[in-house]
Amino acid sequence: IEKVQVDNEIARLELAKEQLGSEQWRIKKRLAEIPGAMEGVRTHIGALESGIRTRDATPKSPFSITIAGKQYTDREEVGKAIGAVVERLRRNQDFDNWRPLGEYRGLPLEIFVWHKSDFAPDIKVGGVGRTEFRTIAGVSSGIEYAAESFESSVDRGKTSLTELGGEQVTLQAQVGKPFDRQERLDDLYRRKEEIDRELGIGQNEAPIADVEERGEV
(Lines give C-alpha, C1' and ligand atoms only; values in the text may rest on other atoms or scores of the structure.)
Protein backbone atom coordinates (compact mmCIF):
# COMPACT_ATOMS: atom_id res chain seq x y z
CA ILE A 1 0.00 0.00 0.00
CA GLU A 2 2.79 2.41 0.90
CA LYS A 3 4.50 1.74 -2.42
CA VAL A 4 1.35 2.73 -4.31
CA GLN A 5 1.03 5.89 -2.24
CA VAL A 6 4.68 6.81 -2.77
CA ASP A 7 4.53 6.12 -6.50
CA ASN A 8 1.36 8.20 -6.86
CA GLU A 9 2.80 11.15 -4.93
CA ILE A 10 6.02 11.00 -6.96
CA ALA A 11 3.95 11.09 -10.15
CA ARG A 12 1.99 14.12 -8.92
CA LEU A 13 5.11 16.02 -7.89
CA GLU A 14 6.95 15.17 -11.11
CA LEU A 15 3.98 16.54 -13.06
CA ALA A 16 3.98 19.72 -10.97
CA LYS A 17 7.71 20.12 -11.57
CA GLU A 18 7.23 19.62 -15.31
CA GLN A 19 4.45 22.24 -15.32
CA LEU A 20 6.75 24.68 -13.52
CA GLY A 21 9.40 24.09 -16.19
CA SER A 22 6.85 24.81 -18.93
CA GLU A 23 5.77 27.96 -17.13
CA GLN A 24 9.37 29.12 -16.85
CA TRP A 25 9.81 28.55 -20.58
CA ARG A 26 6.72 30.66 -21.34
CA ILE A 27 7.93 33.43 -19.02
CA LYS A 28 11.35 33.58 -20.70
CA LYS A 29 9.72 33.54 -24.15
CA ARG A 30 7.43 36.43 -23.22
CA LEU A 31 10.31 38.39 -21.69
CA ALA A 32 12.19 38.00 -24.96
CA GLU A 33 9.15 39.39 -26.84
CA ILE A 34 8.43 42.42 -24.66
CA PRO A 35 11.38 44.64 -25.75
CA GLY A 36 10.36 44.29 -29.40
CA ALA A 37 6.74 45.00 -28.53
CA MET A 38 7.75 48.13 -26.62
CA GLU A 39 9.92 49.30 -29.50
CA GLY A 40 7.01 48.80 -31.89
CA VAL A 41 4.75 50.92 -29.67
CA ARG A 42 7.40 53.65 -29.43
CA THR A 43 7.73 53.68 -33.21
CA HIS A 44 3.95 53.95 -33.56
CA ILE A 45 3.82 56.82 -31.08
CA GLY A 46 6.58 58.59 -32.99
CA ALA A 47 4.65 58.23 -36.25
CA LEU A 48 1.51 59.59 -34.59
CA GLU A 49 3.33 62.58 -33.16
CA SER A 50 4.86 63.29 -36.56
CA GLY A 51 1.39 63.04 -38.07
CA ILE A 52 0.04 65.52 -35.52
CA ARG A 53 2.71 68.06 -36.50
CA THR A 54 1.96 67.57 -40.20
CA ARG A 55 -1.80 67.79 -39.67
CA ASP A 56 -1.59 70.93 -37.53
CA ALA A 57 0.54 72.70 -40.13
CA THR A 58 -2.54 72.79 -42.41
CA PRO A 59 -5.72 74.51 -41.17
CA LYS A 60 -8.79 72.33 -40.67
CA SER A 61 -10.99 74.95 -42.27
CA PRO A 62 -11.86 75.39 -45.07
CA PHE A 63 -12.50 71.68 -45.69
CA SER A 64 -10.41 70.17 -48.48
CA ILE A 65 -9.35 66.66 -49.49
CA THR A 66 -7.33 65.65 -52.53
CA ILE A 67 -8.35 62.38 -54.20
CA ALA A 68 -6.41 60.93 -57.14
CA GLY A 69 -4.69 64.26 -57.75
CA LYS A 70 -7.86 66.39 -57.70
CA GLN A 71 -8.83 68.70 -54.84
CA TYR A 72 -12.39 68.56 -53.46
CA THR A 73 -14.15 70.90 -51.05
CA ASP A 74 -17.56 69.22 -51.16
CA ARG A 75 -17.92 66.20 -48.88
CA GLU A 76 -20.28 64.29 -51.14
CA GLU A 77 -17.96 64.81 -54.10
CA VAL A 78 -15.13 63.38 -51.98
CA GLY A 79 -17.21 60.25 -51.40
CA LYS A 80 -18.01 59.91 -55.08
CA ALA A 81 -14.35 60.33 -56.03
CA ILE A 82 -13.29 57.66 -53.56
CA GLY A 83 -16.06 55.41 -54.86
CA ALA A 84 -14.68 55.83 -58.38
CA VAL A 85 -11.20 54.81 -57.16
CA VAL A 86 -12.66 51.73 -55.49
CA GLU A 87 -14.53 50.74 -58.64
CA ARG A 88 -11.38 51.16 -60.74
CA LEU A 89 -9.35 48.98 -58.39
CA ARG A 90 -12.06 46.31 -58.40
CA ARG A 91 -12.34 46.45 -62.17
CA ASN A 92 -8.59 45.94 -62.44
CA GLN A 93 -8.77 43.22 -59.76
CA ASP A 94 -6.23 45.15 -57.71
CA PHE A 95 -7.15 43.59 -54.40
CA ASP A 96 -5.54 43.18 -50.98
CA ASN A 97 -2.90 45.89 -51.45
CA TRP A 98 -2.51 49.39 -50.05
CA ARG A 99 -2.76 51.90 -52.90
CA PRO A 100 -2.27 55.71 -52.90
CA LEU A 101 -5.57 57.56 -52.62
CA GLY A 102 -4.87 61.23 -51.94
CA GLU A 103 -4.12 63.66 -49.15
CA TYR A 104 -5.84 65.34 -46.22
CA ARG A 105 -4.19 68.23 -44.34
CA GLY A 106 -0.77 67.11 -45.52
CA LEU A 107 -1.39 63.51 -44.47
CA PRO A 108 -1.17 60.86 -47.20
CA LEU A 109 -4.26 58.73 -47.76
CA GLU A 110 -4.08 55.10 -48.84
CA ILE A 111 -6.85 52.65 -49.66
CA PHE A 112 -7.11 48.87 -49.33
CA VAL A 113 -9.77 47.05 -51.36
CA TRP A 114 -10.52 43.57 -50.13
CA HIS A 115 -10.93 40.66 -52.50
CA LYS A 116 -14.17 39.82 -50.70
CA SER A 117 -16.71 42.36 -51.87
CA ASP A 118 -18.69 42.24 -48.62
CA PHE A 119 -15.72 43.80 -46.75
CA ALA A 120 -15.70 47.60 -46.72
CA PRO A 121 -12.50 49.11 -48.17
CA ASP A 122 -10.07 50.41 -45.54
CA ILE A 123 -8.55 53.88 -45.67
CA LYS A 124 -5.28 54.67 -43.94
CA VAL A 125 -4.70 58.28 -42.83
CA GLY A 126 -1.13 59.46 -42.38
CA GLY A 127 0.08 55.88 -42.24
CA VAL A 128 -1.36 55.37 -38.75
CA GLY A 129 -5.04 56.38 -38.66
CA ARG A 130 -7.74 54.07 -40.03
CA THR A 131 -11.30 54.37 -41.26
CA GLU A 132 -13.58 52.51 -43.67
CA PHE A 133 -15.37 53.49 -46.87
CA ARG A 134 -18.95 52.47 -46.14
CA THR A 135 -21.00 55.37 -47.52
CA ILE A 136 -20.36 58.23 -49.91
CA ALA A 137 -21.82 60.69 -47.42
CA GLY A 138 -19.84 59.51 -44.41
CA VAL A 139 -16.35 58.75 -45.69
CA SER A 140 -14.97 62.30 -45.47
CA SER A 141 -16.08 62.55 -41.83
CA GLY A 142 -14.36 59.24 -41.17
CA ILE A 143 -11.11 60.58 -42.61
CA GLU A 144 -11.39 63.73 -40.49
CA TYR A 145 -12.13 61.74 -37.35
CA ALA A 146 -9.17 59.40 -37.95
CA ALA A 147 -6.85 62.40 -38.28
CA GLU A 148 -8.27 64.04 -35.16
CA SER A 149 -7.83 60.83 -33.15
CA PHE A 150 -4.04 60.82 -33.27
CA GLU A 151 -3.74 62.31 -29.77
CA SER A 152 -5.96 59.65 -28.20
CA SER A 153 -3.92 56.99 -30.02
CA VAL A 154 -0.75 58.46 -28.52
CA ASP A 155 -2.34 58.22 -25.07
CA ARG A 156 -3.28 54.59 -25.65
CA GLY A 157 0.25 53.87 -26.83
CA LYS A 158 1.72 55.38 -23.67
CA THR A 159 -0.67 53.33 -21.56
CA SER A 160 0.43 50.23 -23.46
CA LEU A 161 4.08 51.04 -22.74
CA THR A 162 3.34 51.36 -19.04
CA GLU A 163 1.49 48.03 -19.04
CA LEU A 164 4.28 46.27 -20.93
CA GLY A 165 6.84 47.68 -18.49
CA GLY A 166 4.79 46.42 -15.56
CA GLU A 167 4.45 43.01 -17.12
CA GLN A 168 8.19 42.89 -17.70
CA VAL A 169 8.94 43.64 -14.03
CA THR A 170 6.42 41.05 -12.84
CA LEU A 171 7.79 38.33 -15.09
CA GLN A 172 11.42 39.11 -14.26
CA ALA A 173 10.61 38.48 -10.60
CA GLN A 174 9.36 34.99 -11.53
CA VAL A 175 12.36 33.90 -13.60
CA GLY A 176 14.31 31.08 -11.98
CA LYS A 177 11.54 30.25 -9.51
CA PRO A 178 12.57 26.96 -7.84
CA PHE A 179 10.34 23.94 -7.41
CA ASP A 180 9.28 24.33 -3.79
CA ARG A 181 8.51 20.62 -3.32
CA GLN A 182 11.91 19.38 -4.47
CA GLU A 183 12.96 18.34 -0.97
CA ARG A 184 9.80 16.28 -0.58
CA LEU A 185 10.33 14.71 -3.99
CA ASP A 186 13.91 13.75 -3.09
CA ASP A 187 12.66 12.13 0.15
CA LEU A 188 10.11 10.15 -1.83
CA TYR A 189 12.75 8.96 -4.29
CA ARG A 190 14.82 7.67 -1.35
CA ARG A 191 11.82 5.98 0.25
CA LYS A 192 10.90 4.38 -3.09
CA GLU A 193 14.38 2.88 -3.34
CA GLU A 194 14.06 1.50 0.21
CA ILE A 195 10.66 -0.04 -0.51
CA ASP A 196 11.88 -1.54 -3.79
CA ARG A 197 14.82 -3.14 -1.98
CA GLU A 198 12.53 -4.51 0.74
CA LEU A 199 10.25 -6.00 -1.89
CA GLY A 200 13.14 -7.28 -3.97
CA ILE A 201 12.07 -5.20 -6.95
CA GLY A 202 14.84 -4.77 -9.49
CA GLN A 203 17.05 -7.44 -7.94
CA ASN A 204 18.21 -10.64 -9.63
CA GLU A 205 17.08 -9.31 -13.00
CA ALA A 206 19.99 -10.03 -15.29
CA PRO A 207 19.97 -8.17 -18.59
CA ILE A 208 18.54 -10.19 -21.48
CA ALA A 209 21.91 -10.15 -23.26
CA ASP A 210 23.57 -11.83 -20.24
CA VAL A 211 20.89 -14.49 -20.05
CA GLU A 212 21.27 -15.26 -23.75
CA GLU A 213 25.05 -15.63 -23.36
CA ARG A 214 24.51 -18.22 -20.63
CA GLY A 215 22.18 -20.13 -22.93
CA GLU A 216 19.20 -19.77 -20.59
CA VAL A 217 16.81 -18.47 -23.25
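Here's what I pulled together on the structure shown here. Within any chain, residue numbers begin from 1 and follow the written order of that chain's sequence. Totals for whole chains, interfaces and linings use every residue, but because this is a predicted model, local features are given only for residues with pLDDT of at least 70 and side-chain atom pairs only at 80 or more, for both listing and counting. Side-chain measures here rest on the full set of heavy atoms in the structure, leaving out hydrogens and waters.

Secondary structure elements are taken from DSSP: a helix is a run of H or I of four residues or more, a strand is a run of E of two residues or more, and numbering for both begins at the N terminus. Within the protein chain one finds six helices and six strands. Ordered by position from the N terminus, the helices and strands of the protein chain form the series α-β-β-α-β-β-β-β-α-α-α-α. Radius of gyration (C-alpha) of the protein chain: 33 Å, far over the 17 Å computed for a compact globule of 217 residues. With respect to the three principal axes, the spread of C-alpha positions in the protein chain is 100 × 45 × 30 Å. As defined in this context, the radius of gyration uses C-alpha atoms, and a globule is described by 2.2 Å times the residue total to the power 0.38.

The next subject is the pairing of strand β6 (residues 129-132). Relative accessible area decides the class of each residue, using a 1.4 Å probe on protein chains only: under 20% of the type maximum gives buried, over 50% gives exposed, and in between gives partly exposed. Residues Gly129 and Thr131 point to one face of β6 and are all buried, whereas Arg130 and Glu132, pointing to the other face, are not buried. Any two strands with at least two DSSP bridges between them are considered paired. Relative to β6, strand β5 (residues 122-125) runs antiparallel, the two sharing four bridges. The partner of Ile123 across the bridge, within β6, is Thr131. Hairpin remark: β5 followed by β6, antiparallel, with three residues in the connecting loop; positive phi at Gly126, about 65°.

With that out of the way, let us pick up the packing of aromatic side chains. Under the pairing criterion, centres of Phe, Tyr and Trp rings, with the six-membered ring standing for Trp, must be within 6.5 Å; the plane angle then separates stacked pairs below 30 degrees from edge-to-face pairs above 60, leaving the rest tilted. In this structure the tally under the stated criterion is three aromatic pairs. Ring plane angle 65° and centroid distance 4.7 Å describe the contact between Phe112 and Trp114, whose orientation is recorded as edge-to-face. Each residue in the set Trp98, Phe112, Trp114 and Phe119 is aromatic and connected to the rest through ring pairs, giving one cluster. Stacked on the ring of Phe63, the Lys or Arg Arg75 has its end atom at 4.1 Å from the ring centre. Sitting over a ring, as applied to charges here, requires NZ of Lys or CZ of Arg to be within 6 Å of the ring centre and within 35 degrees of the ring normal. One cation-aromatic arrangement involves Lys124 over Trp98; the distance from NZ or CZ to the ring centre is 4.3 Å.

The next subject is the sheet that holds strand β1 (residues 65-67). One open sheet holds the six strands; their spatial order is β2-β1-β3-β4-β5-β6, and the pairing between them is antiparallel. Edge positions in the sheet fall to β2 (70-72) and β6, since each has one partner strand and no second. Going across the sheet, the axis of each strand differs from the next one's by a mean of 30°, ignoring polarity. Axis definition: a line fit to C-alpha positions, over the contact stretch in the case of helices; interaxial angles, taken between N-to-C directions, run 0 to 180 degrees.

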